[in-house]
Amino acid sequence: MSRPDRSLVIVAGGRSRRLGRDKPLVEIGGRTVLSRILGATAQFEDTVLAVREVPPFRRALAADGWEPGAESAGPPGSTAFLGPEGRALLVVPDPVPDLGPLAGLASGLGAARGAICVVLAGDLPFVTPDLVDRLSGELASDAESDAVVPHARGQAQPLCAAYRREVGRLAARLVAGTAASGGPSPSMMGFLERLRVRTVTAEQVKRLGDLETMVRGVDSRADLEWAERSAAGAD
């Protein structure tokens, strides 16, 4: 099978302690956040969903019409799915749970097939097709950068960004070092400091919509109430 030019990696391995339930599976406007993300990224032929536990996501995908695909060639414990339109998706469990989003990014990039990967947190209900296309397109046209990362809400947004798949090897080494030493989980910001990063500002993408809305996750009850209000006004 030929490799796609790009892949999508959804990082959904957190315990959602603040919200109290799996953030990607929370319903907003009658659709789960995961369903919204998949709908906004239908242009990706190759999708990897990095999770802490596979069964809840297997059930959620089945409810949305995804069917088990051919036997997975991914890491142990991974499950392949085919979407209603024939889209391929691979659910990959984090090899070491609870090491933070960098572990999900490492396992997701390791399983992806595209040279350029858009990486999204699993709790972004309002990410758009135009934004993910812009991020991947900017990285494809910039041979000097390892990643294209939006800057919004006062900081870089590493879980709504485009990366070269090859940086997954660095992420995997950092995660393996933490697992071996028992030290603190590597941070996404620390990971970015090791890369050649191109920044995208709200001003640069304003014609695509409000960047702060597109990168805002559903981390808390207040975020969920905001998302429900926003969806009611947009859907």
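The structure contained in this document is the topic of the report that follows. (Residues numbered from 1 in each chain as written. Predicted model: local features only at pLDDT ≥ 70, side-chain atom pairs only at ≥ 80, totals over all residues. Heavy atoms only, no water.)

Topic: the overall build of the chain
Our working definition: Helical segments are the DSSP runs of H or I of at least four residues, strand segments are the runs of E of at least two, and each set is numbered from the N terminus. We call a residue buried when its accessible area falls under 20% of the maximum for its residue type, exposed when it is over 50%, and partly exposed in between, using a 1.4 Å probe and counting protein chains only. Working rule for contacts: check all heavy atoms of both residues, and any pair within 4.5 Å makes them a contact. The charge count includes Lys and Arg as positive and Asp and Glu as negative, but it does not include His or the ends of the chains. Charge placement uses NZ in Lys and CZ in Arg. For Asp and Glu, CG and CD serve respectively.
Scanning the chain from terminus to terminus reveals eight helices and twelve strands. Across the 235 residues of the chain, 52% fall into the buried class. In the chain, once contacts between residues fewer than 6 apart in sequence are set aside, the share between residues at least 24 apart is 70%. Of the charged side chains in the chain, 28 are positive and 29 negative, and the gap between their average positions amounts to 3 Å.

Notes on the state of the cysteines
Defined as follows: Pairs of cysteine sulfur atoms within 2.5 Å are identified as disulfides in what follows.
Scanning all chains against the criterion turns up zero disulfides. Its sulfur unpaired, Cys117 is 14 Å from the next cysteine sulfur, which belongs to Cys160. By relative accessible area, which is 0% here, Cys117 ends up buried.

Here we look at unusual backbone geometry
Within the chain, Arg153 stands out as a residue other than glycine whose phi angle is a positive 55°. On the secondary structure map, Arg153 appears in the loop between strand E9 (147-152) and strand E10 (155-156). Of the residues examined, Arg153 reaches a relative accessible area of 43% and is grouped as partly exposed.

Some points on the nonpolar core
Counted only if it meets this: We define a nonpolar core as any set of buried Ala, Val, Leu, Ile, Met, Phe, Trp, Tyr and Cys residues linked to one another through side-chain atoms lying within 4.5 Å.
Ranked by internal contacts, the top residues of the largest apolar core, which has 46 residues, are Leu49, Leu61, Leu89, Val91, Leu120, Val127 and Cys160. Here this core takes five residues from helix H1 (residues 33-40), the largest share from any one element. Those residues within four positions of Leu120 in sequence are excluded, and the remaining contacts are Leu8, Val9, Ile10, Val11, Ile37, Thr41, Val127, Val132, Leu159 and Cys160. Counting residues in each nonpolar core, the second largest holds 29 residues, with Tyr163, Leu174, Met188 and Leu192 among its members.

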